[in-house]
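The lines below spell out each chain.
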Amino acid sequence: MSTLAVIDYGMGNLHSVAKAVEHVARELSLETEVAVTADARTIARADRVIFPGVGAIRDCMAEINRLNVGEMVAEAMQTRPVLAICVGMQALMEYSGENGGVDCLGLVPGQVRYFGEELRDAAGARLKVPHMGWNEVRQTRAHPLWEGIPDDSRFYFVHSYYVETDRDDLVAGASRYGKEMVAAIAARNIFATQFHPEKSQKAGLRLLGNFLLWSGEA
Amino acid sequence: MGLARRIIPCLDCDNGRVVKGVRFVDIRDAGDPVEVSKRYCDEGADEVTFLDITASHEGRATTVETVGDIAAQVFIPLTVGGGIRTLEDIRMMLNAGADKVAINTAAVFDPPFVRTAAERFGSQCIVVAVDAKQTTGGAEPKWEIFTHGGRKPAGIDAIEWCARMVDYGAGEILLTSMDRDGTKEGFDNRLNRAVSGAVRVPVIASGGVGALEHLAAGVLEGGVDAVLAASIFHFREFTIRQAKEHMADCGIEVRL
């Protein structure tokens, strides 16, 4: 029996993540106990940690700081596999331009920027913001979490801000929406996705399964 | 290649069964919502929308249960609409496993509710559903919004309304043409184009799909980001896969 903690800091719907992980664990015949929790001790003891997030970054960071979630994630990423999703990934960065500018956890070097009002595709057509729907993810490096997932598979995104980093070595996946953006980051025990694997049908479930089988580091 | 246009099958549900009304009147039974959702997901649906048309209070409990059952088995985004009036309604649906809620009548009677909901739960999960009916024809057509399943005119211009809802925090607009809904004559693409051009968020076209060409026309002529249909999929006239292949043949980027 292994344990997995989905960190619940009171922002949005974590049931989708928990349900998808439970489903994948059953399919793989893994005995995994999933806890949706903010309890520091439960998170410290879990074999794997998921750091999700939806909504506005200022509210997220306020709760993350109030509940000391940054410390929990920082500790977990030293020792155990951690999967950060969407705003969870953005919160790992140094700074976000959302809500007039918010300092984030700084666990991964890079920034979070707005897509802009005048986003256009290669043909010049105006692109909607949020970036919502299924986009292709180019696997920029091999990683255990990409195992069995064809390159350029589509995953489900919903976000208006995107991650940028100078550290190309940390980028594990990239997508294009008017501009190049980071779709996935791999930094030691952390794998982070801008897309929602729990909503990305087969490719997403495979990624979650790979996470349950991953022992950390790439 | 980039973002794909979405095909969204819609389940109109009454007391735990999928039904489809033609112009909201003639109701036909189309099966168990959990089974139907799973089939759509397997066929490659990009999202599922569940519209609860149950009137009774007891029926609402069934809806929450059904949403939970769908969410436990279908791992694509799930939107729930119908009777969403309070923050508690939203919380209940999200906790049951919905990813987004569609707000319709409550937005008309209390527009700031949309703002409060978006601030509390995030714009990404707030869809404003708009039922529009054309009131002026000719070269400069106008549309007004209607409430209560399309029965009551609200006296508000549909294009202005959509723009206002986006200002209030709507993350997406679900736009239904009351003139076309249930007719199988195709979308009102003048309406679709007018709204899609007026707002920065994605627009889902709804109402009138009777053939695969109609779905493609929604994107090519209406300029929408997603197309929603119910009866052509429920009664197995076409599979989602066929719909996507047709759209791809028309040069539209889809997830196959």
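Residues numbered from 1 in each chain as written. Chains lettered and ligands numbered in written order. Predicted model: local features only at pLDDT ≥ 70, side-chain atom pairs only at ≥ 80, totals over all residues.

Visitor: I keep staring at the overall build of chain A and nothing clicks. Help me out?
Guide: Within chain A one finds 6 helices and 14 strands. Over its C-alpha trace chain A gives a radius of gyration of 16 Å, about what one expects of a compact globule, namely 17 Å for 218 residues. Counting only C-alpha atoms and orienting by the principal axes, one finds that chain A spans roughly 55 × 40 × 30 Å. Looking at chain A as a whole, 53% of its 218 residues qualify as buried. Put simply, of all contacts in chain A between residues at least 6 apart along the chain, 69% involve residues at least 24 apart. (Helix = DSSP H or I, 4+ residues; strand = E, 2+ residues; numbered from the N terminus. Rg over C-alpha atoms; globule rule 2.2 N^0.38 Å. Buried ≥ 20, exposed ≤ 12 C-beta atoms within 10 Å, placed from the backbone. Contact = placed C-beta atoms within 7 Å.)

Visitor: Sorry, what's going on with the interface of chain B and chain A here?
Guide: Interface size is often expressed as the accessible area that is lost when the parts come together. Taken residue by residue, the interface counts 26 residues in chain B and 30 residues in chain A. Residues of the side of chain B that touches chain A, tallied by class, amount to 13 nonpolar, 6 polar and 7 charged. (Nonpolar A, V, L, I, M, F, W, Y, C, P; charged D, E, K, R; others polar.)

Visitor: For this particular structure, what's the right way to read the packing of helix H8 (residues 212–220) of chain B against helix H10 (residues 240–249) of chain B?
Guide: Between two packed helices, what matters for the description is the angle formed by their axes and the separation of those axes. All names here are of chain B. Axis separation between H8 and H10 bottoms out at 9 Å; the angle between their running directions is 50°. What the angle tells us is that H8 and H10 run oblique. Note that H8 runs across H10; the crossing there is right-handed. Facing H8, whose interface residues are Leu 212, Leu 215 and Ala 216, H10 presents Gln 242, Ala 243, His 246 and Met 247. Along the lines of polarity and charge, the residues of the contact of H8 with H10 split into 5 nonpolar, 2 polar and no charged. (Axes fitted to C-alpha atoms, helices over the stretch in contact; angles between N-to-C directions. Parallel < 35°, antiparallel > 145°, perpendicular 65-115°, else oblique. Left-handed = near helix turned anticlockwise from the far one by under 90°.)

Visitor: Got a minute to help me understand the sheet that holds strand E11 (residues 161–164) of chain A in this structure?
Guide: Strand pairing in a sheet relies on backbone hydrogen bonds. The paired strands run either parallel or antiparallel. Residues and elements named next belong to chain A. In space, the 4 strands of this open sheet follow the order E6-E5-E7-E11, with mixed pairing throughout. Only two strands of the sheet have a single neighbouring strand rather than two, namely strand E6 (102–103) and E11. As paired strands, strand E5 (residues 95–96) and strand E7 (residues 111–114) are joined by 2 bridges and run parallel to one another. Considered in E7, the bridge of Ser 96 is made with Val 112. (Pairing = 2+ DSSP bridges.)

Visitor: What is the right way to read the sheet that holds strand E2 (residues 32–37) of chain A from this model?
Guide: All names here are of chain A. Across the sheet, which stays open at both edges, the 8 strands sit in the order E2-E1-E3-E4-E14-E13-E12-E9 with mixed pairing between neighbours. Of all the strands in the sheet, the pair left with one neighbour each is E2 and strand E9 (138–139). Direction of pairing for strand E4 (residues 82–85) relative to strand E14 (residues 190–193): parallel, over a ladder of 4 bridges. Bridge pairing links Ile 85 to Thr 193 in E14. The strands that helix H1 (residues 15–27) touches are strand E1 (2–7), E2, strand E3 (48–51) and E4; relative to E2, the one it contacts most, it runs at about 175°.

Visitor: Help me out: how do you make sense of unusual backbone geometry in this one?
Guide: Keep in mind that most residues, glycine aside, have a negative phi and that most peptide bonds are trans. All names here are of chain A. Note that the residue after Val 129, namely Pro 130, is joined by a cis bond; omega there is 5°. For Pro 130, the position within the fold is in the loop between E7 and strand E8 (131–136). The phi dihedral of Asn 68 falls on the positive side, at around 65°, and the residue is not glycine.

Visitor: Please explain the environment of Thr 136 of chain B as it appears in this structure.
Guide: One can find Thr 136 of chain B in strand E7 (residues 126–136). Residue contacts for Thr 136 of chain B: discarding those within four places in its chain leaves Pro 141 and Lys 142 of chain B.

Visitor: When you look at the pairing of strand E9 (residues 152–157) of chain B in this model, what are you seeing that I'm missing?
Guide: Residues and elements named next belong to chain B. Bridge count between strand E8 (residues 142–147) and E9: 3 bridges; the pairing is antiparallel. The residue of E9 that forms the bridge with Glu 144 is Asp 157. Where E8 hands over to E9, the hairpin turn is made up of 4 residues, of which His 148 adopts a positive phi near 55°.

Visitor: Would you mind going over the environment of Lys 179 of chain A with me for this structure?
Guide: Inspection of the secondary structure assignment puts Lys 179 of chain A in the loop between strand E12 (171–176) and strand E13 (180–187). Separated by 106 residues in the primary sequence, Lys 179 of chain A and Val 73 of chain A have C-alpha atoms spaced 30 Å apart.

Visitor: Teacher, can you tell me more about helix H6 (residues 201–213) of chain A here?
Guide: Three or four residues apart is the spacing at which side chains of an α-helix point the same way, because the helix has 3.6 residues per turn. With 13 residues, H6 of chain A extends 18 Å from end C-alpha to end C-alpha; this agrees with the ideal 18 Å at 1.5 Å per step. The set of residues buried in H6 of chain A consists of Gln 201, Gly 204, Arg 206, Leu 207, Leu 208, Gly 209, Asn 210 and Phe 211 of chain A. On its buried face, H6 of chain A sits against H1, E3, E4, strand E10 (154–159) and E14 of chain A together with helix H1 (33–43) of chain B. (Expected span 1.5 Å × (residues − 1).)

Visitor: Help me out: how do you make sense of the packing of H1 of chain A against H6 of chain A in this one?
Guide: Residue and element names in this part refer to chain A. Put simply, H1 and H6 touch, their axes get as near as 9 Å, and they point 70° apart. The pairing of H1 with H6 is recorded here as roughly perpendicular in orientation. Contact residues: Ala 20, Val 21, Val 24 and Ala 25 in H1; Leu 205, Leu 208, Gly 209 and Leu 212 in H6. In terms of residue class, the contact of H1 with H6 is made up of 7 nonpolar, 1 polar and no charged.

Visitor: Would you take a moment to explain the pairing of E3 of chain A for this structure?
Guide: Residues in a regular strand project their side chains so that they alternate between the two faces of the sheet. Residue and element names in this part refer to chain A. Neither face of E3 is left uncovered, since the one carrying Arg 48 and Ile 50 and the one carrying Val 49 and Phe 51 both have all their residues buried. One ladder, built from 3 bridges, connects E1 with E3; its direction is parallel. In the sheet register, Ala 5 faces E3, and the bridge partner there is Val 49. As defined by bridge partners, E3 adjoins E4 across 3 bridges and the pair is classed as parallel. From the neighbouring strand, Ile 50 faces E4, where its bridge partner is Leu 83.

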